[in-house]
Amino acid sequence: MRNLGFQWGRNLVRRYYQRYDFLISSSSIPVLRLHPLQPSISRGLFLSAQQAYSTESHSELPVDLLRIMEQRMIAIEQRSSYLQEQINQATVSAVDYSRANKELRKLGSSMELIKELRTKEKEIDGLKSVMSDCVEDKDMWNMADEELAQALVEERRLQHLLLKSLLPKDDADERDCILEVRAGTGGEEASLFAMDIFKMYEKYSQKRGWKFDVIDIMESDLKGYKEASGTISGPRAYGRLKFESGVHRVQRVPVTEKSGRVHTSAVSIAILPQADEVDVQLRNEDLKIDTYRSGGSGGQSVNTTNSAVRIMHIPTGITVAIQDERSQHMNKAKALKVLRARLYEMERSRLQRSRSKLRAEQIGSGDRSERIRTYNFPQGRVTDHRVGITHHSIEDVMEGESLDMFVDALLLQEEMDAIASFGTQ
Amino acid sequence: MTLRFAFPVCSPLAPFLASSLHRRLSIPSRSSSSFSPTPLFSSDHRPPLFLRPPAFAASRTDLHDFRRWAESLALAAGPRLSASDGGPDAALLRRELAWLVEDATVAAASESGVGEELRLRVELEELYRLWKARIEERRPFQYIVGCEHWRDLVLVVKEGVLIPRPETEMVVDLVAEVEGFEKGLWADLGTGSGAIAVGIGRMLQEGGRVFATDLSPVALEVARLNVERYELKDKIELRWGSWFEPLRDVEGKLMGLVSNPPYIPSSHIPGLQAEVGQHEPKLALDGGEAGMDHLLHLCEGSASALKSGGFFAFETNGDEQSEFLADLMSIKLGNFFHNIKMISDFAGIQRFVTGFRR
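Residues numbered from 1 in each chain as written. Chains lettered and ligands numbered in written order. Predicted model: local features only at pLDDT ≥ 70, side-chain atom pairs only at ≥ 80, totals over all residues. Heavy atoms only, no water.

Caption draft 1: Region of interest: helix 6 (residues 169-176) of chain B. In terms of residue burial, helix 6 of chain B counts as a mostly covered element, since six of its eight residues are buried. B:Glu169, B:Met170, B:Val171, B:Val172, B:Leu174 and B:Val175 are the residues of helix 6 of chain B that are buried. (Buried < 20%, exposed > 50% of the residue type's maximum accessible area, 1.4 Å probe, protein only. Helix = DSSP H or I, 4+ residues; strand = E, 2+ residues; numbered from the N terminus.)

Caption draft 2: The arrangement of the interface of chain B and chain A in detail. Every contact between the two is made by 39 residues of chain B and, on the other side, 26 residues of chain A. In this assembly, chain B packs against chain A so that about 2,700 Å² is buried in total across both faces, 47% of it on carbon and sulfur atoms. By the criterion of area lost to chain A, the three top residues of chain B are B:Arg95, B:Trp99 and B:Phe346, representing 27% of everything that side buries. Our count for the chain B to chain A interface comes out at three salt bridges. With its nearest N and O atoms 3.8 Å apart, the salt bridge here joins A:Arg326 to B:Glu102. Seen at the junction of chain B and chain A, the total is 21 residue pairs in polar contact (both at pLDDT 80 or more). Counting only elements with at least two residues in the side of chain B that touches chain A, the list comes to helix 3 (90-104), helix 5 (141-145), strand 5 (147-150) and helix 9 (274-277) of chain B. Sort the elements by how many residues they give to the side of chain B that touches chain A and helix 3 of chain B lands first, with six residues. Here the side of chain B that touches chain A is built from residues that sort into 21 nonpolar, five polar and 13 charged. (Contact = heavy atoms within 4.5 Å. Buried area = accessible area lost by both parts, 1.4 Å probe. Salt bridge = Lys/Arg side-chain N within 4 Å of Asp/Glu carboxyl O. Polar contact = N/O pair within 3.5 Å; in protein donor to acceptor, adjacent residues only side chain to side chain. Nonpolar A, V, L, I, M, F, W, Y, C, P; charged D, E, K, R; others polar.)

Caption draft 3: Region of the structure containing the sheet that holds strand 8 (residues 318-322) of chain A. Residue and element names in this part refer to chain A. The three strands are arranged 6-7-8 in an open sheet whose pairing can be described as antiparallel. In this open sheet, the two edge strands, each paired with only one partner strand, are strand 6 (287-291) and strand 8. With direction set aside, neighbouring strand axes in the sheet form an average angle of 15°. The pairing of strand 6 with strand 7 (residues 309-313) spans five bridges and is antiparallel. Looking across to strand 7, one finds that Thr291 is bridged to Val309. In the packing of helix 7 (residues 328-353) onto the sheet, the strands contacted are strand 6, strand 7 and strand 8, and the crossing angle to strand 8 comes to about 150°. (Pairing = 2+ DSSP bridges. Axes fitted to C-alpha atoms, helices over the stretch in contact; angles between N-to-C directions.)

Caption draft 4: Structural view of the domain arrangement of chain B. Residues and elements named next belong to chain B. Structurally, chain B comprises domain 1 (49-137) and domain 2 (151-357). Distance from the C-alpha centre of domain 1 to the C-alpha centre of domain 2: 34 Å. With eight residues of domain 1 at the interface, the matching set in domain 2 holds nine residues. Roughly 590 Å² is buried in total at the junction of domain 1 and domain 2, and carbon and sulfur atoms are behind 50% of that figure. Of all residues in domain 1, Phe50, Asp85 and Glu137 bury the most surface against domain 2, accounting for 64% of the area lost on that side. Summed over the shared surface of domain 1 and domain 2, the number is one salt bridge. In this structure, the salt-bridge partner of Arg134 is Glu275, at a minimum N-O distance of 2.9 Å. Connecting domain 1 to domain 2 are three residue pairs in polar contact (both at pLDDT 80 or more). (Domains from an automatic or database assignment.)

Caption draft 5: The pairing of strand 5 (residues 263-273) of chain A, seen in detail. Residue and element names in this part refer to chain A. Counting buried residues along strand 5, eight of its eleven residues qualify, which places the element largely inside the surrounding structure. For strand 1 (residues 177-183) and strand 5, the ladder comprises seven bridges, and the chain directions are antiparallel. Counterpart to Ile178 in the pairing with strand 5 is Leu272. Pairing between strand 4 (residues 246-252) and strand 5: seven bridges, direction antiparallel.

Caption draft 6: Fine view of the pattern of salt bridges. Applying the stated criterion across every chain, the model contains 59 salt bridges over all chains. With a shortest N-O distance of 3.8 Å, A:Arg182 and A:Glu227 are connected by a salt bridge. Remark: A:Glu227 occurs in strand 3 (residues 225-233) and A:Arg182 occurs in strand 1; sequence separation between them is 45 residues. Exposure remark for A:Glu227: the relative accessible area of 33% places this residue in the partly exposed category. Linking B:Asp152 and B:Arg202 is a salt bridge whose minimum nitrogen-to-oxygen distance equals 3.3 Å. Of the two residues, B:Asp152 sits in the loop between strand 5 and strand 6 (153-156) while B:Arg202 sits in the loop between helix 7 (195-201) and strand 8 (209-214), which places them 50 residues apart along the sequence. Owing to a relative accessible area of 43%, B:Asp152 belongs among the partly exposed residues under this scheme. Each of the salt bridges in this network shares a partner with another, and the network as a whole consists of A:Asp173, A:Glu174, A:Arg236, A:Lys242 and A:Glu414.

Caption draft 7: Spatial organisation of the nonpolar core. B:Phe66, B:Trp131, B:Trp186 and B:Ile236 are the most contacted members of the largest nonpolar core, which has 66 residues in total. Among the domains, domain 1 (49-137) and domain 2 (151-357) of chain B are the pair contributing at least three residues each to this core. When near neighbours in sequence (up to four residues on either side) are disregarded, B:Phe66 contacts B:Leu97, B:Leu100, B:Val101, B:Leu124, B:Leu127, B:Tyr128 and B:Trp131. Counting 40 residues, the second-largest nonpolar core is a separate cluster that includes A:Val181, A:Ile271, A:Tyr375 and A:Leu410. (Core = buried A, V, L, I, M, F, W, Y, C linked by side-chain atoms within 4.5 Å.)

Written out as structure tokens, the structure is:
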């Protein structure tokens, strides 16, 4: 399944390039070295950093895409006016009012763009008719022609913006997230790399101005990390880090290795969006909360700094234990935070699995067992297998310097996936 | 009731001075009085460790050496301590050490090894002395750093004040469940460090007040510090005196009464872990023969102290005491109270008795 997804991704990517040439405009984007397995994928797709389609000059959108967009626009306009009617009714109930209002607000930004686009379309029609009416009047015709050219450029810009606003968005993108790192195959060496990669994300977070807070660390014998988790808080933390979920493979000579042989080990990473009380409502009856029991009467008879809390969510059996905060209250709060994130993630994956096969195989679908990246220390490079990009300074990556390069390419791919599925509806 | 000092009187203090202090303290025992701010006796005038300015320095290597020494001490002593009287094990001690270093050092501007010197709130030799006291004398960690993290607060504590327990955190949650609590008059009897009072005080709105009482001048001094640190002087009034005596003026007007009174049976105290039995104030622990002397006094006085519909919550030593008191309140005093409940703490022990005045 993994290979199939990867393979399919490459073909689709080739199709994108042909159909969606409009996404690649500026030639000032630097070219990246491509993964040796993908020589046929054109440079156009994997140009990095800048969101290519946000530069000034936009190419024309393909006709079939425009047709679908037009259908969507009509549907939204109709829905919007229906909701507006509902609100304006004298006999509307409070529940219906707030529900309609909420949906209207969600459609708000798309409606704005649609209105602008309609206005622009009328303007273009008007100019075209002026031009057909006064073919003889050279000056008039030229003026109208100039204005028409400008209007068409503006129309394209609006169409691109509208397309973006119509693409399915993940609300979770704006949120903070929880990072979970687990050493996989490779024993002690995997634990040491788990520690390195955990610190890499800490450095990356700091560089982006996000707050990094350790939740728990389980150390191995050589002081590596068997398991480690932390919260990362800041704007769009989840949106950028979500692609890190999966298996990261490392090839290097372990510190324990006497003969200098290169070993391969693996670390698995999970990124969960943080959920608040609105997303996941926890009922007290569903929680079993335990604390350390001293064996005696507790209370005044005990003075301990152990305020570890363990919470089990009875319906799902998910258990979270937190011990390193300095008060029981804070341990409990953290445990609830992690529990909510896990439940939220469970619900999200359930929803995602029930969607179309197309969506499930796209980037960011969160298949945790997918091997997504290889860190090759002897050759000094890091390769992301999903977008086929290799960065040739592994030290930079481990310092948290170059992750953005991968993230931007992955975001671009995600957007293209979204456009593809938009076009097939 | 005899007034006992909550703290051991230091030997250098001449006996005549001790008794004159005793006389000064016993005078206001019958009348309620607002607590006067001059500390009558203080064994340590310095601010708590975690609040001292970073006036000292040490090199990273020196601090590293200290940690290594302290860790080996913890590893060696841990098993012995936990086996002897349920004291801390090695893992717990190592974590306390990490927190001690955290509280004693000021975070460097850059986390990397740049900068050889660290700024400390105590001199390095003091750290050695403090950790030695932790291990050898079983001096409570919280007294060493001068604070206890409780709920989402950091409360100042020192010798002479009971260190707030994690179980007691729940009292604040129980108060928050009372309809309209934000604007009511509350009393925290035997406030100690002021933990419960501050916890409630932070949630109060216009018109809400907490009267926090204690018999120990040291406790009130610490409570005052905590009230000030959380800027709750206009919400919390500290009063010196025994249980209901300082509250005569608000008798019958209280929306709620909470207390974590001393509830350990006298005979149990010698057997407690050393951190508690040898360092925390007996005044805050000893509840008489069955441990219920004070709890019974509180139960009996609540009827007149609370207004109609008023709420009470008392912390107890566990199942036996809670059951006894719940019976008392619902049967013998059933004319005055209803809706009596026993609430468990997170270790599954019936820790609190709550109810309402009819």
